[in-house]
Structures are given as structure tokens and as C-alpha cells.
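Secondary and tertiary structure notes
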Amino acid sequence: MGGKSFMPLSKEELMQRLALPPQHEPIFQDVLNELVESNLVLCEQNRYAWKKSRSDVVTGTIKMHPRGFGFVQLNAPTDYDQDIFIPKHLTKNAVDGDVVEVLVNQEVISDKGPEGKVIAILSRGRTHMAGIIRHVDQEGSFIVHVPLLGTQQRVVLHPTDERALQIGDRIVMEIVDWGSKETETLCRFSHYLGHISDPSCDIYAAIEEFELRSDFTTRAIEEAESLGKVVSQKDIKSREDLRHLTTFTIDPDTAKDFDDALSLTRDDNGIYHLGVHIADVSHYVRPGTALDAEAQVRCNSTYFPGCCIPMLPGALSENLCSLKPNVNRLAVSVLMRIDASGKLIDYRFSRSVIKSCKRFTYKEAKKVLDGQKSSPHKANLDLMVELCRLFKQKRYERGSIEFSLPELVVLVDEKGKPHATDYITYDITHQMVEEFMLKANEVVAWDLSERGKNLTYRIHDEPAEENLRDFSVLATAFGFRLPDIPTPRDLQKLFEEAGETAYSNYLASSYIRRMRLAAYSAENIGHYGLSLTHYCHFTSPIRRYVDLVVHRILFGESDVFEYLQQVASQCSEQERISAKAENSVVVLKKLRLLQEMHQKDPSQEFRAIITRVKNFGIYFEIIDLLLEGFIHISDLGEDYFVFEDEQMLLRGTRHGARYAPGDNLVVMLESVDFISQETKWYIVASDSPQRTGETLKQHKKASQKKSEKFFNKKWAPKKSSQKNTARPKNVKSSKNRSSSKKSKKKPGKK
């Protein structure tokens, strides 16, 4: 009835249109009466029509997704309670942050929400953008690759006398004419960043591209330095003294901002006494100050390989607010009592002073637990593992799914050049820190809500049914059983089964990508991923502004709903931008490392696993770099391939070759293009079956059994020392846009 083409119909005509049997007429009449009473439907001359109360045209700010589609956040209250989804071909060349006018298609409402198209760009969100000179045309103009606009948009830079430019130069340009999808974008030179071959300017370029705030105002720096370098005795006197507790921090190797410290004991009655001690940033950063204004604009710290753009100046983030060992530090402590089953008995909050006795890294704590290193805190760590497992069991019982995804950290030197990777496993040390932080966040959110306080919740909506069905098809393609609309229990069982296979990480990542994004909101809808009704972020006030705001509310400062909703919206948006900036640099660093490996050994082989199969080619993941590659269907060999949609595989009709998700590959690199972040690969080995009679289920079962043999047995450097740079005969190649899995910068604390 809400469609534009709908004409008013009688009850009988509606029943006929809906194919309702006569015996349902009384129920249907009740439905129509309720729609009329709810003022949604009009009934005139016994004919029913939808009440046209919504405006077709709305205005808002568009937020673009890397894949080209976008969502428009409405600027004023309307009848639409969701953002408007804009398909890729209907964005009208809008870019992230533009204020646009949107025509809503009232005939289409999908799981993504209302759908529309951009009909006008009212104002641009930026005047400058970063790019890389790709080539020079016949007229002497520079053709520039601009990541913000994608590879399809032609961007032209007029020659300048200010600087002699060359291919590969990274520059910032002023937009003269945005053009459209059919016409080119015209720009003029603004300033020079560096050359794409120079890794030292990768982060600087990302700062420009994503418009990150990197320099602090002079006033903010002066305020931070005026607070001193040590905790004053005056501040200590008004605090609960918890320096007698055995307290320590556990963080990544490179961390400098220690937000949280832990203490844990167990009494004679078997009651656990857990203390989660969080840096009291709100004591130093007060509303209305330059420090607060700077933190509110930044919203969060941004973490790059070997570098961090902090939310607060170093005098606070790396010193006075950082819970360093063997020095007094002001904290907000969540003191909890937990019974032997892992159930929370009671809790209290305290503005305290603590003195951490040890700064553990995750690796060091793991060595202590494994008996590889001695420590006076071994008993405390063992007790933490014990309580962690109780919390994990509670989380499992309420339906929460735990993803123990590994993290691949790219190690860089002082000039930003990548030289190695560090593969970090999400082991028990990460898990126990995460469980304790989750519990503190949950307790704070619950307490403030029970007291009737407004706050910035961390919310996570349920995934769309369309996405769950899509994931179910994918899991089936990998050889697992899953209902069309799986329950949390179904998903828990799936990931338990997948945990012993080579596909575990990819399935987890694929599921996460199909979930809705977690965000901040002053309205609470719960957290689907954690299966919690109340949740907030409280444990990282050094690097997240929403946490700082929650600290203030906890001790009675303003909780005005409108202000909190503004903070939540701004922090959600900036979190997204920071994640994109971080990922862009990580991908480029991986490509630089990949290129260096290729130069040293052009015949080096890489293990890979097929992750997605489309009708136009296959996507795979390079295991050792967690880097995505792609090979077009035309480069899969001398065969005619047919895409079998239901099983998500490509099958060769002549020779019976088959490529399906979960298949193992060995690939070799042919080339890397840093400008477009594209790579070219070819396949040298595959476990794809050549037998047309083998079923997918049979193949998956066999493939899982031989994954370890395929990847590990006799996996050694080439027998021949000769560097063969020519492509082997009959190998397959293609060009692809590379991407990388996003990884958390501080495991267990996001």
C-alpha cells in the first residue's frame, strides 16, 4: 500500500491481491481497522489507501562505504528512523561528508533500511583531497589517482609552476570542479607530500587523505604541561588509597598509554575480589578547557604501524594519566565481588590512588603462565585465568560468540619501512583482560541506567536476515551445516567445529563483516554481539572520548541527552574514519613488504586459501600476510568456467577443474602497484579437484584433512637457488585491488 503505484482498493480487492482465503476475512478486517485507527491508512468510500505523510525528498550527510555505496544520515527529524541507503550507482559522485538531497524510493525497503538516490549535492564536505599522480596525458595534464573517489573517476590536475611533478608524487589538491560520474574532476596543486616510493610519508599522506587532526593547539599543550609530571599529595588525600593492592597492567609490546590496571584476590569463602582500575582522565581534562575541546574533536586515538596519533597530548597520555609501574596514579576503580560460579555479587565505584607494581606485556604474561619465566605475580595471573574462564562460560551461556582472531602486526623501522611481521595470537592473556574490561563496562552501564542517568551506550543491532542467509550459504560452501536463519547457538556450534580447520579465521571474519557495525548512542538497544542488554565504553578514557564522558556522568556531571547523542554520533563517525585510515596504511605497508620479498626472491611461493568465489573470478587470502588477492576468471586456465551459484563455485566444463571457498592454493607474485594498491598473481598449485564426479561435501571433507599436509609438509625454500623471473608455462594470473583484515590496535580493549 505504501508503493507509489498503489491505487485505493476495497477490502475484497485487497484480500484477492493478497490471496487470502475467505475464512480470514474477520481477522483481515481487524487489521484494516487498526491501520485506520493508527492513522496510517485512509478509508474513503470503502476503499483503503496509504496515508501519504512522508516526504519523498530528505536532506542529510552522506557517509560513503569503501565499496562505493553510502548511507545518508538525516539532518532533521523525519518519518524515517533509519539512515537512507544509497546504492553505488545512485550516489551522483557524492563523497564522504557531503550534504545531499535524496529522493527516497518508498517502494523499496530492504534489510538495509529505506533506499534512495542522491538528486542534488547541496554542499561539499571538503575543499581539498589527497592523491597520487598516475600518468601524464598528451596535453601535459596530470591524471591523479584519488582513493576517496575510487579508480573509476578521472581526476585531472593542471600543470603548475610551483613544483616539478612526476608520476608517483603524493600531493594535496584543491578541487576546482567536482564533475560527475560522466565528467572528470578538475583540481589545482596545493602542496607536496612525498613520493609513493618513500614509506616515511605513508602516515602523513593518510592524515591528509582522511583529514585527521595531528597537531595539538598551543593552549592544549600548555594546559597538559601545567598539570605537572607527578601526582600531587593534595590530590591523593581526597582519594581511597588502594596502593596496598597487588596491581599490574597487561598491554601490547609497543603500548605507551596504559588505561587500565588489574587486581584480583580470593578470600577464604571462595569469593573473588576483582578490581578494574581505570586512569582518572576526568580529573585532569575538565569540560570547557582547551584539552577537552581538542579531545572532543579527535574523539579517539588513531594507531598506525610504529606511530600513534593520540587523543590527548603526550604529557597526559604517556605520563600523568598512564598507569605506569611504581608511581602513584589517580584512578577510577570498579571493585567487584564475584562468587565461585562467576556470578556478580555486588560492586562499588571509587575515585582512588593506585601504584602498579608491574607492567606486563601480553607475551611476557603468557610466558609466566606457561612456566617459561618466573615472576612473583604467577599466582595472581593463574587466579585471573581461573576467573576469566568462569566469565567466558557465562558469556557462552547467554549466547555470545567469541572470536579469537589473530592479529598480524607490521613492524617498521624509524623511517616507516616495513621489515617484518609479528603474528599475535589471541591467547588467554588477551582473553582475560578482555573479559575483565567487558565486565567493568557492563557494570557501569547497568548502574547508570538503574540510576536513571543518560549515557553513551555502546550498541550493536541484530544482523539483517539477508546477511544471515548469505553467511549460511557461505558456511555451507565450506562444508558446514547451518540453518538459513541461524540462532546464536547454531553459530556457536559452527565456530566450535570450524575452530579445528584452516577456515576458522576466514569464517569468523566473514561473519563479522555481515554483522551491523557497533556504534555509540544515547538510546540503548543492547549489544547483540556480546548478548548484553546494557553495555558502554568506560575502560579507555585516554584514547576514547566517550569513555571520558561516561566517567564524568558516573560522578554526577551533566548527562543531557541531546549533548550525549551528539557526542555519540560524532565519536561513531570518527571511529569509522580512523579505522579506514589505519587499514589503508597497514595495507600499503604489507604491499611494501611483499614487494621487498619479491625483489629478494621472485620465485617465492605463498600459501593461500580461497575465501570467495564470484561469477567473475576468485578471491583468496595470503596466509602469511593476511592480505587479500584476486584472480579473474579469464586467467584461471584454458577452460570454460561456469559459476554454480548455490554451491558458490566455479567449475570448468572441459577439464573439470573446480574452485570453491576453502580450497588451498600456492600462488606467486608477479607485480605490485603502490599507486592503485593492486597486485598481480598467478597460481602454481591448487588442491582444487579435477574430478567432476566428486561432490562438494566429499571434497570439503578431504580438503580439511589434507590442509595441514598441503600447507606444512615439506614446506621449505626452493630447492634451486636460481631466480626465475619468467612466468612458468600455463600459470594463471590477474590484477586485483588488495585489502587487509582490520586488526585491533589494543587486543581485548575495544
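As a reminder, the structure under discussion sits directly above these lines.
Report follows, based on the coordinates. Since the model is a prediction, treat every value here as computed from it, not as a measurement.

Topic: the overall build of the chain
What the chain contains, in helices and strands, is 17 helices and 36 strands. Residues classed as buried in the chain amount to 52% of the 750 residues present. As displayed, the chain has an accessible area near 35,300 Å², and 49% of this comes from carbon and sulfur atoms.

Topic: the sheet that holds strand E2 (residues 41-44)
Across the sheet, which stays open at both edges, the three strands sit in the order E1-E3-E2 with antiparallel pairing between neighbours. A strand with exactly one partner marks an edge of an open sheet, and here the two such strands are strand E1 (9-10) and E2. Sheet analysis places E1 next to strand E3 (residues 47-50), joined by two bridges and oriented antiparallel. Residue Ser10 lies in a different strand from E3, and its bridge partner there is Arg47.

Overview of the environment of His460
Tracing the backbone shows His460 in the loop between strand E25 (457-459) and helix H12 (465-477). According to the relative accessible area criterion, His460 is buried, its value standing at 7%. Counting along the chain gives 72 residues from His460 to Leu532, while the straight-line C-alpha distance between them is 9.6 Å. Beyond its immediate chain neighbours, meaning those up to four positions away, His460 contacts Met515, Arg516, Leu517, Ala518, Ile525, Gly526, His527, Tyr528 and Gly529. For His460, the side chain forms a polar contact with the main-chain oxygen of Arg516, separated by 2.8 Å. A polar contact is formed between the side chain of His460 and the backbone nitrogen of Gly529, at a distance of 3.0 Å.

Some details on the environment of Arg298
When you line up the elements, Arg298 lands in helix H7 (residues 290-298). For Arg298, a relative accessible area of 4% puts it in the buried group. For the pair formed by Arg298 and Leu212, sequence separation is 86 residues and the distance between their alpha carbons is 7.8 Å. Setting aside residues up to four positions removed in sequence, Arg298 forms contacts with Arg213, Ser214, Asp215, Phe216, Ile309, Pro310, Met311 and Gln574. Engagement of the side chain of Arg298 in a polar contact is seen with the backbone oxygen of Asp215, the distance being 3.0 Å.

Points about the pattern of salt bridges
Within this structure, the stated rule accounts for 44 salt bridges. The partner of Asp202 in a salt bridge is Arg592, and the shortest N-O contact between them spans 2.8 Å. Of the two residues, Asp202 sits in helix H3 (residues 202-209) while Arg592 sits in helix H16 (residues 561-600), which places them 390 residues apart along the sequence. Both residues of the pair, Asp202 and Arg592, count as buried. Residues Glu435 and Arg395 are paired through a salt bridge, measuring 2.5 Å at the closest nitrogen-oxygen approach. In this pair, Glu435 sits in helix H11 (residues 428-450) while Arg395 sits in helix H10 (residues 378-397), placing the two residues 40 residues apart along the sequence. Among the residues examined, Arg395 registers a relative accessible area of 5% and is labelled buried. Through salt bridges with shared partners, one network takes in Lys63, Asp96, Glu573 and Arg576.

As for the pairing of strand E31 (residues 649-652)
Of the two faces of E31, the one holding Leu649 and Arg651 and the one holding Leu650 and Gly652 are both buried throughout. For strand E30 (residues 641-644) and E31, the ladder comprises four bridges, and the chain directions are antiparallel. Bridge pairing links Val642 to Arg651 in E31. Turn length for the E30-E31 hairpin, with the two strands adjacent in sequence and antiparallel, is four residues, and the turn residue Met648 shows positive phi of about 55°. One ladder, built from two bridges, connects E31 with strand E32 (residues 658-659); its direction is antiparallel. Looking at the pairing, Leu650 lines up with Tyr659 of E32. A loop of five residues connects E31 with E32, the two strands running antiparallel in sequence, and Gly656 in this loop sits at a positive phi of about 80°.

Focus: the packing of aromatic side chains
Scanning the entire structure with this criterion turns up 15 aromatic pairs. Between Phe69 and Phe71, the ring centres sit 6.1 Å apart and the planes meet at 85°, which makes this aromatic pair edge-to-face. By relative accessible area, which is 18% here, Phe69 ends up buried. Between the aromatic rings of Phe69 and Phe85, the centroid separation amounts to 5.6 Å while the plane-to-plane angle is 55°, which identifies the pairing as tilted. Taken together, the residues Phe69 in the loop between strand E4 (57-64) and strand E5 (70-74) and Phe85 in strand E6 (residues 84-86) connect sequence positions 16 residues apart. Here Arg489 stacks its cationic end above the ring of Tyr396, 5.9 Å away from the centre of that ring. If you follow Arg592 out to its NZ or CZ, it ends over the ring of Phe674, 5.0 Å from the centre.

Some details on the nonpolar core
Ile250, Leu274, Val276, Leu316, Leu381, Phe436 and Phe538 are the most contacted members of the largest nonpolar core, which totals 80 residues. In terms of residue count, H11 provides more of this core than any other element does, 10 residues in total. Those residues in contact with Val276 that lie beyond four places of it in its chain are Ala261, Leu262, Val332, Ser333, Val334, Met336, Phe436, Met437 and Ala440.

Description of the packing of H7 against H16
Think of two packed helices as two axes; the pair is described by the angle between the axes and how far apart they sit. Where H7 meets H16, the closest approach of the two axes is 8 Å, and the angle between their N-to-C directions is 55°. With respect to H16, the element H7 is oriented oblique. Together, Gln296, Val297 and Arg298 of H7 and Tyr563, Val567, Gln570 and Gln574 of H16 make up the contact between the two elements. Tallied by class, the residues present in the contact of H7 with H16 amount to three nonpolar, three polar and one charged.

A word on helix H4 (residues 218-226)
Counting along an α-helix, one turn takes 3.6 residues, and residues three or four places apart therefore face a common direction. Of the residues making up H4, those classed as buried are Ala220, Glu223 and Ala224. Looking straight down H4, one finds its buried side chains confined to an arc of 100°; they lie on one side. Relative to its buried face, H4 has exposed residues pointing more than 90 degrees away, namely Thr218, Arg219, Glu222, Glu225 and Ser226. On its buried face, H4 is in contact with H7 and helix H8 (314-320). Just beyond H4, the residue with positive phi is Gly228, at close to 90°.

Focus on the environment of Trp681
The residue Trp681 is located in strand E34 (residues 678-686) in this model. For Trp681 and Val667, which are 14 residues apart along the polypeptide, the C-alpha to C-alpha distance reads 6.5 Å. A polar side-chain atom of Trp681 sits 2.9 Å from a polar atom in the side chain of Thr679.

Looking at the pairing of strand E20 (residues 328-338)
For E20, a buried count of 10 out of 11 residues is recorded, marking the element as mostly surrounded by other parts of the structure. The pairing of E20 with strand E21 (residues 344-355) spans 11 bridges and is antiparallel. Residue Asn328 lies in a different strand from E21, and its bridge partner there is Lys355. Taking the residues between adjacent antiparallel strands as the criterion, E20 and E21 are bridged by five residues, where Gly342 takes a positive phi near 95°.

Rules used throughout
Residues numbered from 1 in each chain as written. Predicted model: local features only at pLDDT ≥ 70, side-chain atom pairs only at ≥ 80, totals over all residues. Heavy atoms only, no water. Helix = DSSP H or I, 4+ residues; strand = E, 2+ residues; numbered from the N terminus. Buried < 20%, exposed > 50% of the residue type's maximum accessible area, 1.4 Å probe, protein only. Areas by Shrake-Rupley, 256 points an atom, 1.4 Å probe, with all protein chains shown as cover. Pairing = 2+ DSSP bridges. Contact = heavy atoms within 4.5 Å. Polar contact = N/O pair within 3.5 Å; in protein donor to acceptor, adjacent residues only side chain to side chain. Salt bridge = Lys/Arg side-chain N within 4 Å of Asp/Glu carboxyl O. Phe/Tyr/Trp six-rings, centres within 6.5 Å; stacked < 30°, edge-to-face > 60°. Lys NZ or Arg CZ within 6 Å of the ring centre and 35° of its normal. Core = buried A, V, L, I, M, F, W, Y, C linked by side-chain atoms within 4.5 Å. Axes fitted to C-alpha atoms, helices over the stretch in contact; angles between N-to-C directions. Parallel < 35°, antiparallel > 145°, perpendicular 65-115°, else oblique. Nonpolar A, V, L, I, M, F, W, Y, C, P; charged D, E, K, R; others polar. Arc of directions from axis to C-beta.

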